[in-house]
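Chains, contacts and geometry: an overview
Okay, here's what each chain looks like letter by letter:
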Amino acid sequence: MDERNVNRKKLPHKFDYYVLLFFLLAFIGWLWEVVLFYVTAHAFINRGVYRGPYLPIYGVGGLLLYFLFHIPGKFISRLRKNPLWVFLLSLFICSVLEYMTSYFLEKMWGIRWWDYSSHFMNLNGRICLLGAVVFGLAGTALICLLMPCYDKVYRKLSAGWRIALCLLLLLAFVADATYCAIRPNVGYGISWEGDK
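Procedures and definitions
- Residues numbered from 1 in each chain as written.
- Predicted model: local features only at pLDDT ≥ 70, side-chain atom pairs only at ≥ 80, totals over all residues.
- Heavy atoms only, no water.
- Phe/Tyr/Trp six-rings, centres within 6.5 Å; stacked < 30°, edge-to-face > 60°.
- Helix = DSSP H or I, 4+ residues; strand = E, 2+ residues; numbered from the N terminus.
- Lys NZ or Arg CZ within 6 Å of the ring centre and 35° of its normal.
- Expected span 1.5 Å × (residues − 1).
- Salt bridge = Lys/Arg side-chain N within 4 Å of Asp/Glu carboxyl O.
- Buried < 20%, exposed > 50% of the residue type's maximum accessible area, 1.4 Å probe, protein only.
- Contact = heavy atoms within 4.5 Å.
- Polar contact = N/O pair within 3.5 Å; in protein donor to acceptor, adjacent residues only side chain to side chain.
- Axes fitted to C-alpha atoms, helices over the stretch in contact; angles between N-to-C directions.
- Parallel < 35°, antiparallel > 145°, perpendicular 65-115°, else oblique.
- Left-handed = near helix turned anticlockwise from the far one by under 90°.
- Nonpolar A, V, L, I, M, F, W, Y, C, P; charged D, E, K, R; others polar.

Here we look at the packing of aromatic side chains
Considering all chains together, one arrives at 19 aromatic pairs under this definition. Between Phe27 and Trp30, the ring centres sit 5.8 Å apart and the planes meet at 25°, which makes this aromatic pair stacked. Taken as a pair, Phe27 and Trp30 lie in helix H2 (residues 15-41) at a separation of three residues, close to a single helical turn. Of note, Arg126 hangs over the ring of Tyr99, and the distance from its end group to the ring centre comes to 5.6 Å. The ring of Tyr154 carries the charged tip of Arg162 above its face, separated from the ring centre by 4.2 Å.

A closer look at H2
With 27 residues, H2 extends 39 Å between its outermost C-alpha atoms, agreeing within 8% with the 39 Å of an ideal straight helix rising 1.5 Å per residue. Two residues or fewer after H2 comes His42, characterised by a positive phi angle close to 60°.

Concerning the pattern of salt bridges
Here the structure, examined in full by the defined rule, presents five salt bridges. Residues Arg162 and Asp16 are paired through a salt bridge, measuring 2.8 Å at the closest nitrogen-oxygen approach. Remark: Asp16 occurs in helix H2 and Arg162 occurs in helix H7 (residues 159-182); sequence separation between them is 146 residues. When sorted by exposure, Arg162 lands in the same class as Asp16, which is buried.

A look at helix H5 (residues 83-109)
The end-to-end C-alpha separation of H5 is 38 Å, in line with the 39 Å expected for 27 residues at 1.5 Å each. Contacts made by the buried residues of H5 are with helix H3 (56-69), helix H4 (74-80), strand E2 (127-128) and helix H6 (129-156). The backbone nitrogen of Leu84 lies 3.0 Å from a side-chain oxygen of the residue at the head of H5, namely Asn82. One or two residues past the end of H5 sits Gly110, with phi positive at roughly 70°.

Thoughts on the packing of H3 against H5
In the contact formed by H3 and H5, the axes pass within 10 Å of each other and the chain directions differ by 140°. Taken as axis vectors, H3 and H5 run oblique relative to one another. The way H3 lies across H5 gives a crossing that is right-handed. Of the residues in H5, those touching H3 at Ile57, Val60, Gly61, Leu64, Leu65, Leu68 and Phe69 are Trp85, Val86, Leu89, Ser90, Ile93, Cys94, Leu97, Glu98 and Thr101. Here the residues of the contact of H3 with H5 are counted per class, giving twelve nonpolar, three polar and one charged.

Rendered as structure tokens:
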């Protein structure tokens, strides 16, 4: 293997790789929650703090898992190839993120966007066993199945398209976040307080 190929492999991905991954995962999370609510409550609800079709907690959680499982080294490489370890670490990391996000949102706006108090094995209503297992399964699917597909699609897009898409998504997100910092998305099915 020549030196140029070795150095190329050590270079981190470009910024647009992570931005597009964030929005893809945030959209998948939004879609999951909308479908779940539609099936259980028979209503279309735009879940989350923001108005757009994304839930940033899923994007952040997915990026955290991506970075964790792509730290250079043989130990992490072995973990990444073992679905049980990927499941357990995903379960733990995403549960911590969900707990901290719930706490932050409640302190910031005085509103709970979810409450698992009625669920089996919950912690202060912020996280529960079922949610943790779902996050573990989703993290395993992300690392073991989705990332190889994402890499292929990313490489097929031209740099110009990737940059344009990133700018568009970031501008929309900043505008949405600015608006929702003042008027967060609340109401029936969106926040726990809105359901009362």
